[in-house]
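Coordinates in review
One-letter residues, chain by chain:
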Protein chains: 2
Amino acid sequence: MYKLNSYFCFMENIFTDEYFMKKALQEAYTAFDKDEIPVGAIVVINNRVIAKSHNLTELLNDVTAHAEMQAITASANFLGGKYLTNCTLYVTLEPCQMCAGALYWSQISKIVYGASDAQRGFTKMGTQLHPKTVVVSGVLEDECGELMKDFFKKKR
Amino acid sequence: MYKLNSYFCFMENIFTDEYFMKKALQEAYTAFDKDEIPVGAIVVINNRVIAKSHNLTELLNDVTAHAEMQAITASANFLGGKYLTNCTLYVTLEPCQMCAGALYWSQISKIVYGASDAQRGFTKMGTQLHPKTVVVSGVLEDECGELMKDFFKKKR
């Protein structure tokens, strides 16, 4: 009985915000390797990853190609509907006005982000999210933030 | 000489904001016919239309498929660069947070919109545009607004 309980405990604890943020971070590392501003995102529903993306603004020559925008479109394609009810977005950097505005329209249930963006993040900019959306910040904040700092250090 | 002058006057007056807004309105009518919220947009550089688009959120099942977002991506593709310097966006409805946020990143020179969106427009929402961007509002406002009203009347 003791063994069974501890097994279930283990099962429950695997799918933490940190677990999924690590997957978003892998996407951010891929962006870094492509010389893109290193932001990664994933979308999860019922502990299943349904979209993975990273920033591609340089490759696509397109300011709208943020990781979050691609993740929203990919998730909607996967779900066959445009509302991301019961979905959680994990993103390594706090979303900007554009991405927060898109998340507002998507009615996503939860947004989890890593590093804050004191200059252009949606909290500073006052962008409104959907009333249904829960926000969690600071998950693997140091690792997400360090990657950004390393990128801009490399660029100088 | 008199005739020549009046010819040049005519040439200068053709490319007014109303002239281009009518083209954006044509796009909005196309959206209306497809049962999409009727918003149309075009992007102009040196009096040349380089992008035309209309809202396709229903067809594409994608909240990011606003007319403006598509116009930004199409213009960048046309120009081969992601900044819309010297470009003007004509859009029949005031941009939302998402679209204004995308326009912020694009550094577009001018935004001309028709009808205001008192509920979800970027001015009400407080979305920040790029300091370089000039905004003109209310061009063919009545026609742009009537089309929206007709659409929602039809939907009821």
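Residues numbered from 1 in each chain as written. Chains lettered and ligands numbered in written order. Predicted model: local features only at pLDDT ≥ 70, side-chain atom pairs only at ≥ 80, totals over all residues. Heavy atoms only, no water.

**Topic: the UniProt feature "binding site: Zn(2+)" (unreviewed entry) in chain A**
- Residues annotated in UniProt with the feature "binding site: Zn(2+)" (unreviewed entry) correspond here to His-66, Cys-96 and Cys-99 of chain A. What stands out for the annotated residues spanning 34 residues is how close their C-alpha atoms remain, the widest pair being 9.3 Å apart.
- Within the element layout of this structure, His-66 of chain A appears in the loop between strand 2 (48–54) and helix 3 (67–79).
- Other than its neighbours up to four places away in sequence, His-66 of chain A contacts Asn-55, Thr-57, Cys-96, Met-98 and Cys-99 of chain A together with Trp-105 of chain B.
- Mapping Cys-96 of chain A onto the fold places it in the loop between strand 3 (87–93) and helix 4 (97–106).
- With residues near it in sequence (within four places) discarded, Cys-96 of chain A still touches His-66, Glu-68, Arg-120 and Phe-122 of chain A together with Trp-105 of chain B. (UniProt positions renumbered as here; feature names shortened; annotations may be inferred. Helix = DSSP H or I, 4+ residues; strand = E, 2+ residues; numbered from the N terminus. Contact = heavy atoms within 4.5 Å.)

**Notes on the UniProt feature "active site" (unreviewed entry) in chain A**
All names here are of chain A.
- When the UniProt feature table is mapped onto this chain numbering, "active site" (unreviewed entry) sits at Glu-68.
- As for its position among the elements, Glu-68 is in helix 3.
- Look at Glu-68 and you get buried, because its relative accessible area is 4%.
- With residues near it in sequence (within four places) discarded, Glu-68 still touches Val-39, Ala-41, Leu-89, Val-91, Leu-93, Pro-95, Cys-96 and Cys-99. (Buried < 20%, exposed > 50% of the residue type's maximum accessible area, 1.4 Å probe, protein only.)

**Description of the nonpolar core**
- Of all hydrophobic cores here, the largest spans 92 residues; its most connected members are Leu-89, Tyr-90 and Met-98 of chain A together with Leu-89 and Met-98 of chain B.
- Once you skip the residues sitting within four places of it in the chain, Leu-89 of chain B turns out to touch Ala-41, Ile-42, Val-43, Glu-68, Ala-71, Leu-103, Ile-108, Lys-110, Ile-111 and Val-112 of chain B. (Core = buried A, V, L, I, M, F, W, Y, C linked by side-chain atoms within 4.5 Å.)

**As for a nonpolar patch on the surface**
All names here are of chain B.
- A cluster of nonpolar side chains, namely Ile-14, Phe-15 and Tyr-19, defines an oily patch on the protein surface of about 220 Å² accessible area.
- Tracing the chain through its elements places Phe-15 in the loop between helix 1 (2–14) and helix 2 (17–33).
- The class of Phe-15 is partly exposed, set by a relative accessible area of 32%. (Patch = residues over 30% accessible without salt bridge, like charges linked within 9 Å, V, L, I, M, F, W, Y side chains within 5 Å. Areas by Shrake-Rupley, 256 points an atom, 1.4 Å probe, with all protein chains shown as cover. Salt bridge = Lys/Arg side-chain N within 4 Å of Asp/Glu carboxyl O.)

**Overview of the relation of the copies chain A and chain B**
- Least-squares fitting of chain A to chain B yields an RMSD of 0.0 Å, with the superposition described by an axial translation of 0.0 Å and a rotation of 180°. When the rotation and shift are considered jointly, the pair of chain copies conforms to a two-fold rotation axis. By C-alpha distance to the rotation axis, the residue of chain A lying nearest is Met-98 of chain A, at 2.0 Å.
- Both copies contact each other with a shared surface, as 100% of the interface residues of chain A are interface residues in chain B too. (Least-squares fit on C-alpha atoms with pLDDT ≥ 70 in both.)

**Some words on the packing of aromatic side chains**
All names here are of chain A.
- Using the criterion set out here, one finds 16 aromatic pairs over all chains in the structure.
- The interplanar angle of 10° and the centroid separation of 5.8 Å between the aromatic rings of Phe-15 and Phe-20 together place this pair among those described as stacked.
- The class of Phe-20 is buried, set by a relative accessible area of 2%.
- Among the aromatic residues, ring-to-ring pairing joins Phe-15, Tyr-19, Phe-20 and Tyr-90 into one connected group.
- The ring of Phe-32 is capped by Lys-154, whose NZ or CZ atom sits 4.0 Å from the centre of that ring. (Phe/Tyr/Trp six-rings, centres within 6.5 Å; stacked < 30°, edge-to-face > 60°. Lys NZ or Arg CZ within 6 Å of the ring centre and 35° of its normal.)

**With respect to the confidence of the model for chain A**
- For chain A, per-residue confidence averages 94 on the pLDDT scale, and 92% of positions sit at 70 or higher.
- Per the prediction output, this complex has pTM 0.92; the corresponding ipTM is 0.92. (pLDDT = per-residue confidence, 0-100.)

**Side note on the packing of helix 3 (residues 67–79) of chain B against helix 4 (residues 97–106) of chain B**
Residues and elements named next belong to chain B.
- Interaxial distance between helix 3 and helix 4 falls to 9 Å at its minimum, and their mutual angle equals 20°. With respect to each other, helix 3 and helix 4 are oriented roughly parallel. The chirality of how helix 3 crosses helix 4 is left-handed. Touching Glu-68, Met-69 and Ile-72 of helix 3 are Met-98, Cys-99, Ala-102, Leu-103 and Ser-106, all from helix 4.
- Of the residues contributing to the contact of helix 3 with helix 4, the split by class is six nonpolar, one polar and one charged. (Axes fitted to C-alpha atoms, helices over the stretch in contact; angles between N-to-C directions. Parallel < 35°, antiparallel > 145°, perpendicular 65-115°, else oblique. Left-handed = near helix turned anticlockwise from the far one by under 90°. Nonpolar A, V, L, I, M, F, W, Y, C, P; charged D, E, K, R; others polar.)

**Some thoughts on the sheet that holds strand 5 (residues 134–137) of chain B**
Residues and elements named next belong to chain B.
- Here we have five strands laid out as an open sheet, ordered 2-1-3-4-5, and mixed in their pairing. A strand with exactly one partner marks an edge of an open sheet, and here the two such strands are strand 2 (48–54) and strand 5. Pairs of neighbouring strands in the sheet enclose a mean axial angle of 15°, with direction left out of account.
- Here helix 3 sits on the sheet in contact with strand 1 (40–45), strand 2 and strand 3 (87–93), set at roughly 145° to strand 2. (Pairing = 2+ DSSP bridges.)

**Looking at the pairing of strand 2 of chain A**
Residues and elements named next belong to chain A.
- Relative to strand 2, strand 1 (residues 40–45) is paired through six bridges, and the arrangement is antiparallel. In the sheet register, Ile-42 faces strand 2, and the bridge partner there is Lys-52.
- Between strand 1 and strand 2, which pair antiparallel in sequence order, lie two residues; one of them, Asn-46, sits at a positive phi of approximately 50°.

**Quick word on helix 2 of chain B**
Residues and elements named next belong to chain B.
- In this model helix 2 runs 24 Å from its N-terminal to its C-terminal C-alpha over 17 residues, within 8% of the 24 Å that 1.5 Å per residue would give.
- Of the positions making up helix 2, those classed as buried are Asp-17, Phe-20, Met-21, Ala-24, Leu-25, Glu-27, Ala-28, Ala-31 and Phe-32. Looking straight down helix 2, one finds its buried side chains confined to an arc of 160°; they lie on one side.
- Those residues of helix 2 that are buried are in contact with strand 1, strand 2, strand 3, strand 4 (110–115), strand 5 and helix 6 (141–155).
- Looking one or two places after helix 2, you find Asp-35, whose phi comes out positive at around 65°. (Expected span 1.5 Å × (residues − 1). Arc of directions from axis to C-beta.)

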